[in-house]
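Below are the chains, spelled out letter by letter.
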Amino acid sequence: MAFDNHYARLPERFYVSLLPTPVKAPRLIRYNEALADELDLNFDAQDRDRLAAIFSGNQLPEGAEPLAMAYAGHQFGNFVPQLGDGRALLLGEVVDRNGKRRDIQLKGAGPTPFSRNGDGRAALGPVLREYIVSEAMAALGIPATRALVAVASGEPVIRETVLPGAVFTRVAASHIRVGTFQFFAARGDEDGVRQLADHVIARHYLQLEQTENRILALFDAIAERQAFLVARWLSVGFIHGVMNTDNMTVSGETIDFGPCAFLDEYDPRKVFSSIDRQGRYAYANQPAIAQWNLARLAECLLPLFEGGEEQAVEDANAALKTFGETFQRHWLANFRAKLGVEGEGEDDLALVNDFLSLMQQGGADFTLTFRALSKLAGGADVQGLVGLFSHPAGLSDWITRWRGRLGRDHEPAEKQKAMEAVNPAIIARNHRIEEAIAAAIYDDFSLFHRLVDALANPYEENADHADLALPPRPEERVMRTFCGT
């Protein structure tokens, strides 16, 4: 592992340098060898004790410069001027085999000056959830932070009850958030905002280096990535659950998998997070929240836009409007692909929305329904789709419209293949995640490993994993998910 730590070269007010707090008896749960190879790490995967020691924070790899990053954020709409890494430490940055710079961060590595009276530790359950879901998202082709290592700490953590502790190693394009900009803007530190913007351009948007009005161009680029990302979330039924500004990266990666979940039956108002009592971050609200978060970023960057205050406000508003249009374009393109339709038909939006409405009325499972539609395009019996709807009224008429939009000029087998490439056969079902966590509490990690392995190929049907693809029975439903802290 060769670290090259650019963030540690920024001024001291950007972070606090400190060492991880050692844990009592670290034990390796899982090491992501494929990701380690991608990162060009040279650890011996068989040396489990050394891996556990390094990725629990008990030993530091050569070149690591651990630091806790400073940031602020709006949490459920309320601004908190200082948050920061309260239980995470950035070990440093590596350049992977593709020449991309990646952060390696420990979560649960002990208290920091940003811990706000917390213990800085992580419970086993949230660590396993983040490992499962972040790797599932990456396998679905959705930009996301990655899971490198999960380690049991050998120490308890106290939440509502006493739970086993763990340490998670997260890999990200970077950990810079909208809230990182807010930290400096809230303090009137315009130079800090500018230095951070320059760093983000050098790290993620180098093509903008010589662009006129480069900070506005940076905002446009961040907004474009967020539009793409949230559209992809909705295309697989993903609900982030806590879209605070400190949980939105400027790189365009999904980050922080605390109370997240995937839809079972389709419901645009669906909320899983136990702390989202007003439905702020419901499935269908996510595009509007992304736009709201971007407006907060724009407020931070306005002083750096060219042309004076009035022009800066006009440019920011225009960019925010463009975000809505860009999101809609990405969203419709995703759902056209899910329906298997090609080109741009003037009635496509209605075709998509009408199908989603039928799914909602019929209590149809989001993932299984689109997978069944793929098979119908390939010539399967219509009952495979209809049987997923408790109230299929109107579905037959919609299928007729859909077939008309598909046209006759396609090979059914090829159409099914194309649709199945965007409609997963398996997702990280909430009840399965909770089952894996419940077993792991008693030191049985077999279902955790089985889930991670199954989710690595979400677009392929595998008879060995058929049970993991099924939605929950009524008694298996998980109605609430919880934040990792």
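Tyr 7, Tyr 31, Phe 55, Leu 148, Phe 181, Leu 339 and Trp 402 are the most contacted members of the largest nonpolar core, which has 156 residues in total. In terms of residue count, the dominant contributor to this core is helix α6 (residues 214-235) (14 residues). When sequence neighbours within four positions are dropped, the list of residues in contact with Trp 402 reads Leu 339, Val 341, Leu 351, Leu 373, Leu 376, Ala 377 and Met 419.

Let us look at empty space enclosed by the protein. Following the criterion strictly, the structure yields three cavities of 30 Å³ or more and no others. Taken together, Gln 226, Leu 229, Trp 233, His 240, Met 243, Asn 247, Met 248, Thr 249, Glu 253, Thr 254, Ile 255 and Asn 293 make up the lining of the largest cavity. If you tally residues by element for the lining of the largest cavity, the top one is α6, at three residues. Broken down by class, the residue content of the lining of the largest cavity amounts to five nonpolar, six polar and one charged. The computed volume of the second largest cavity comes to approximately 50 Å³. Taken together, Asp 264, Glu 265, Lys 270, Phe 272, Arg 477, Val 478 and Met 479 form the lining of the second largest cavity. Residues that form the lining of the second largest cavity fall into these classes: three nonpolar, no polar and four charged.

Each α-helix winds once per 3.6 residues, and so residues spaced three or four apart point in a common direction. The end-to-end C-alpha distance of helix α8 (residues 308-339) is 46 Å, a good match for the 46 Å that 32 residues give at a rise of 1.5 Å each. Phi for Gly 340, located one or two positions after α8, is positive at around 80 degrees.

Counted by the stated rule, this structure contains 42 salt bridges. Put simply, Lys 107 and Glu 130 hold a salt bridge, and the shortest N to O gap is 2.8 Å. Placement of Lys 107 in strand β7 (residues 101-107) and of Glu 130 in helix α3 (residues 124-139) is noted, with a sequence separation of 23 residues between them. Overall, Lys 107 belongs to the buried group, its relative accessible area being 8%. Note on Glu 130: relative accessible area 5%, which makes it buried. The partner of Arg 401 in a salt bridge is Asp 354, and the shortest N-O contact between them spans 2.9 Å. Placement of Arg 401 in helix α12 (residues 395-406) and of Asp 354 in helix α9 (residues 348-362) is noted, with a sequence separation of 47 residues between them. Connected via shared salt-bridge partners are Asp 4, Glu 93, Arg 101, Asp 103 and Arg 203.

This paragraph deals with the pairing of strand β6 (residues 88-95). Among the eight residues that make up β6, seven are buried, leaving the element largely enclosed by the rest of the structure. By the bridge criterion, seven bridges tie β6 to β7 in an arrangement that is antiparallel. The residue of β7 that forms the bridge with Leu 90 is Gln 105. Between β6 and β7, which follow one another and run antiparallel, lie five residues, and Gly 99 among them has a positive phi close to 80 degrees.

Where burial is concerned, most of strand β2 (residues 27-31) is hidden: four out of the five residues are buried. Pairing geometry for β2 and strand β9 (residues 146-158), over four bridges, is antiparallel. Of the residues in β9, the one forming a bridge with Leu 28 is Val 151.

The next subject is the environment of Arg 296. One can find Arg 296 in helix α7 (residues 286-301). Judged by relative accessible area, which is 13%, Arg 296 ranks as buried. As a C-alpha pair, Arg 296 and Val 382 span 86 residues in sequence and 47 Å in three-dimensional space. The residues touching Arg 296, leaving out its near neighbours within four places in the chain, are His 74, Gln 182 and Thr 245. At 3.1 Å, the side chain of Arg 296 forms a polar contact with the backbone oxygen of Trp 292.

Mapped onto the elements, Lys 415 comes out in helix α13 (residues 412-420). On the basis of relative accessible area, Lys 415 is assigned to the buried category, the value being 7%. Engagement of the side chain of Lys 415 in a polar contact is seen with the backbone oxygen of Gly 340, the distance being 2.6 Å. At a separation of 3.3 Å, a polar atom in the side chain of Lys 415 contacts the side chain of Glu 342. With sequence-adjacent residues up to four places away left out, Lys 415 is seen in contact with Gly 340, Glu 342, Ala 377, Leu 406 and His 410.

About the criteria used
Chains are numbered independently. Their residues run from 1 in the order of the written sequence. Local features in a predicted model are, by the rule used here, given only for residues with pLDDT of at least 70; side-chain atom pairs are given and counted only at 80 or more, and totals for whole chains, interfaces and linings are based on all residues. In computing side-chain properties, one takes all heavy atoms of the structure into account and sets aside hydrogens as well as water. Take the buried Ala, Val, Leu, Ile, Met, Phe, Trp, Tyr and Cys residues and link them wherever side-chain atoms come within 4.5 Å; each set so joined is a nonpolar core. A 1.4 Å probe rolled over the protein chains alone gives each residue an accessible area, and that area as a share of the maximum for its type sets the label: buried under 20%, exposed over 50%, partly exposed in between. Here a helix means four or more residues in a row that DSSP labels H or I, a strand means two or more in a row labelled E, and each is numbered from the N terminus. For this analysis, residues touch if any pair of their heavy atoms sits within 4.5 Å. A pocket, in this scheme, is an open set of points on a 1 Å grid over the protein atoms alone with protein on both sides within 12 Å along at least 5 of 7 lines, while a cavity is a set where a 1.4 Å probe fits but cannot get out; residues line either one if an atom lies within 4 Å of a point. Grid points are joined across faces, edges and corners, and a volume is the space filled by probe spheres set on the points. Classification used: nonpolar for Ala, Val, Leu, Ile, Met, Phe, Trp, Tyr, Cys and Pro, charged for Asp, Glu, Lys and Arg, polar for all others including Gly. Expected span of a helix: the number of residues minus one, times 1.5 Å. One side-chain nitrogen of Lys or Arg within 4 Å of one carboxyl oxygen of Asp or Glu is enough to make a salt bridge. Strand pairing is assigned whenever DSSP identifies at least 2 bridges connecting the two strands. For this analysis, a polar contact is any N or O atom pair within 3.5 Å, provided that within protein one partner can donate a hydrogen and the other can accept it, and provided that sequence-adjacent residues contribute only side-chain to side-chain pairs.

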